[in-house]
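Inside the fold
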Amino acid sequence: MKNTLIALAVALSVQAGAAALPVPPAPDLSATAYLLLDFNSGTTLAAKDADRRIEPASLTKLMTAYLTFQALKEGRIKMDQQFTVSEKGWRTEGSRMFLDPKKPASVSDMIKGMIVQSGNDACVTLAEAIAGTEETFAGMMNQQAARLGMKNTHFMNSTGLPDPQHYTTARDLGILAAAIIRDFPQHYPIYSMRDFRYNNISQPNRNLLLYRDPQVDGMKTGHTDSAGYCLVASKRDGQRRVLSVVLGTDSDVTRANESARLLGYGMQFFDVPKLFAARQPVSQVKVYKGASNTVPVGFDTDQYVAVAKGASARLQKQVLLKPHLTAPVAAGQVVGSIKLSVDGQPLAELPLKVLTAVPEAGFFGRSVDSVKLWFN
């Protein structure tokens, strides 16, 4: 279960005799909106106007990249496959990787041109290669946004060029950034490339944090006159990762500085312990009329929780389970939860699921258990 950290600056602050560090308020950024997300737990650590509709500019290319990676995974395009930029792609205004209409480019090069150089010509060419037209591709972008739970997003193009019906939010961009890292880790290192050379033209990555902080490994910048300067950034320290979305600043330097402040806040004042491993039994539940008398319950994915720095040792867990189940029992069925708290303050509730299916027993077994259930 993905959690949202609410008012933990109060709930998890230092108390008499406690070892946890106080959680100060998040920094007050010079930005239209922002979001700070812990990647492992899915916890929102800080936010301002995170659901405010904004123009995404080139942050749009995060979704263009997601669909490109998906097409690669499904074999609909290949890295070494080559495409020639169309008249529309070649004439698309804004930043570009300078594709040559007389010379085809590989998908591999165009992905780098899209991510590192923010090339609009690369975006249009990839969109047309995958969907036939950019308009059809925009429809695919909206379908994928809905599948990811991006509830306040609508795309009109693959590039982020302004359109009244082209919008998103800081929260939705956080969802998308996390999905890229989670679903396509093999492609994510491209976001840390500091420069890329194509057609004898070298262009630097506009994410200034890549040059300042070795722990920052992505992700994407955006800018138009109407959107301001925007940045989605990721910082990793060991197994921890935090994502920041900073929107509507007044310069490329400001967006980098404010993103650095937000990322530093997340790393400095929070711990994110791993509580449970994926597919490992947390408990057992009694099963009647089944081929097995018990069934293991746990989680589909590793479970983490964000707490104030130093408070991990005082996490309390309360397991709540159904007393028994009756076969057939389906894998993934929710049969209880684990409530988490720190110093008596509720923190999160994680749903416990059945890890393996239990089919019905034979006639004799069902009959015996029917009698047991009658007496119970």
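Residues numbered from 1 in each chain as written. Predicted model: local features only at pLDDT ≥ 70, side-chain atom pairs only at ≥ 80, totals over all residues. Heavy atoms only, no water.

This part is about the overall build of the protein. Summing up its helical and strand segments, the protein has ten helices and 19 strands in all. Structurally, the protein occupies a C-alpha span of about 80 × 60 × 35 Å along its principal axes. Here the protein holds 376 residues, and the buried ones make up 51% of them. Taking all contacts inside the protein whose residues are at least 6 apart in sequence as the whole, residues at least 24 apart take part in 65%. Averaging the coordinates of the 41 positive side-chain charges in the protein and doing the same for the 33 negative ones gives two points 6 Å apart. (Helix = DSSP H or I, 4+ residues; strand = E, 2+ residues; numbered from the N terminus. Buried < 20%, exposed > 50% of the residue type's maximum accessible area, 1.4 Å probe, protein only. Contact = heavy atoms within 4.5 Å. Lys, Arg positive; Asp, Glu negative; His and termini not counted. Charge placed at Lys NZ, Arg CZ, Asp CG, Glu CD.)

An order of 16-18-19-13-12-17 is seen for the six strands of this open sheet, with the pairing classed as mixed. Single-partner strands in this sheet number two, and they are strand 16 (315-321) and strand 17 (324-326). Shown here is a sheet whose adjacent strand axes are inclined to one another by a mean of 35°, direction ignored. Examined bridge by bridge, strand 16 and strand 18 (residues 334-342) share seven bridges and lie antiparallel to one another. What sits directly across from L315, in strand 18, is V342. (Pairing = 2+ DSSP bridges. Axes fitted to C-alpha atoms, helices over the stretch in contact; angles between N-to-C directions.)

We now examine the pairing of strand 19 (residues 345-354). Consecutive side chains along a regular strand alternate between the two faces of the sheet. When strand 13 (residues 294-298) meets strand 19, the two strands line up antiparallel, connected through two bridges. Opposite G298, over in strand 19, you have K353 as the bridge partner. Sheet analysis places strand 18 next to strand 19, joined by eight bridges and oriented antiparallel. Looking at strand 19, one finds that S337 is bridged to P351.

With that out of the way, let us pick up the UniProt feature "domain: Peptidase S11 D-Ala-D-Ala carboxypeptidase A C-terminal" (unreviewed entry) in the protein. UniProt annotation of "domain: Peptidase S11 D-Ala-D-Ala carboxypeptidase A C-terminal" (unreviewed entry) refers to residues 270-360 when read in the numbering used here. A helix fraction of 0% and a strand fraction of 54% characterise residues 270-360, whose end C-alpha atoms lie 46 Å from each other. (UniProt positions renumbered as here; feature names shortened; annotations may be inferred.)

Quick look at the pairing of strand 7 (residues 216-224) now. Of all nine residues that make up strand 7, eight are buried, and the element is covered over most of its length. By the bridge criterion, eight bridges tie strand 7 to strand 8 (residues 228-237) in an arrangement that is antiparallel. Looking across to strand 8, one finds that T221 is bridged to L231.

Under the definition given, this model contains six aromatic pairs. Through successive ring pairs, a cluster of aromatic residues spans Y66, F69 and F184. (Phe/Tyr/Trp six-rings, centres within 6.5 Å; stacked < 30°, edge-to-face > 60°.)

A few words now on the side chain of Q117. Relative to the assigned elements, Q117 resides in the loop between helix 4 (107-115) and helix 5 (120-131). Among the residues examined, Q117 registers a relative accessible area of 0% and is labelled buried.

Let us look at the nonpolar core. It is characteristic of soluble globular proteins that their nonpolar side chains tend to be buried jointly. Grouped together as the largest cluster of nonpolar side chains are 57 residues, with contacts concentrated most on M63, F69, Y191, M219 and L247. Beyond its immediate sequence surroundings of up to four residues, M63 is in contact with M141, Q144, A145, L148, M150, F155 and L176. (Core = buried A, V, L, I, M, F, W, Y, C linked by side-chain atoms within 4.5 Å.)

Here E349 shows up in strand 19. Under the relative-accessibility criterion, E349 is labelled partly exposed at 35%. On a C-alpha basis, the gap between E349 and T32 in space is 32 Å, while along the polypeptide they are 317 residues apart. Within the structure, the side chain of E349 is placed 2.8 Å from the side chain of S337, a separation counted as a polar contact. (Polar contact = N/O pair within 3.5 Å; in protein donor to acceptor, adjacent residues only side chain to side chain.)

Glancing now at the environment of A277. Relative to the assigned elements, A277 resides in the loop between strand 11 (274-276) and strand 12 (283-288). Those residues within four positions of A277 in sequence are excluded, and the remaining contacts are F299 and D302.

This paragraph deals with the pattern of salt bridges. Note that side chains of opposite charge can pair when their charged atoms are close. Using the criterion set out here, one finds 16 salt bridges in the structure. The salt bridge involving D302 is made with K274; its shortest N-O contact spans 3.4 Å. Pair noted here: D302 is in the loop between strand 13 and strand 14 (303-304) and K274 is in strand 11, with a separation of 28 residues, a long-range link. Here D343 ties to R314 by a salt bridge, and the two come within 2.6 Å at their closest N and O atoms. With a gap of 29 residues between them, D343 in the loop between strand 18 and strand 19 and R314 in the loop between strand 15 (307-308) and strand 16 connect regions that are remote in the sequence. (Salt bridge = Lys/Arg side-chain N within 4 Å of Asp/Glu carboxyl O.)

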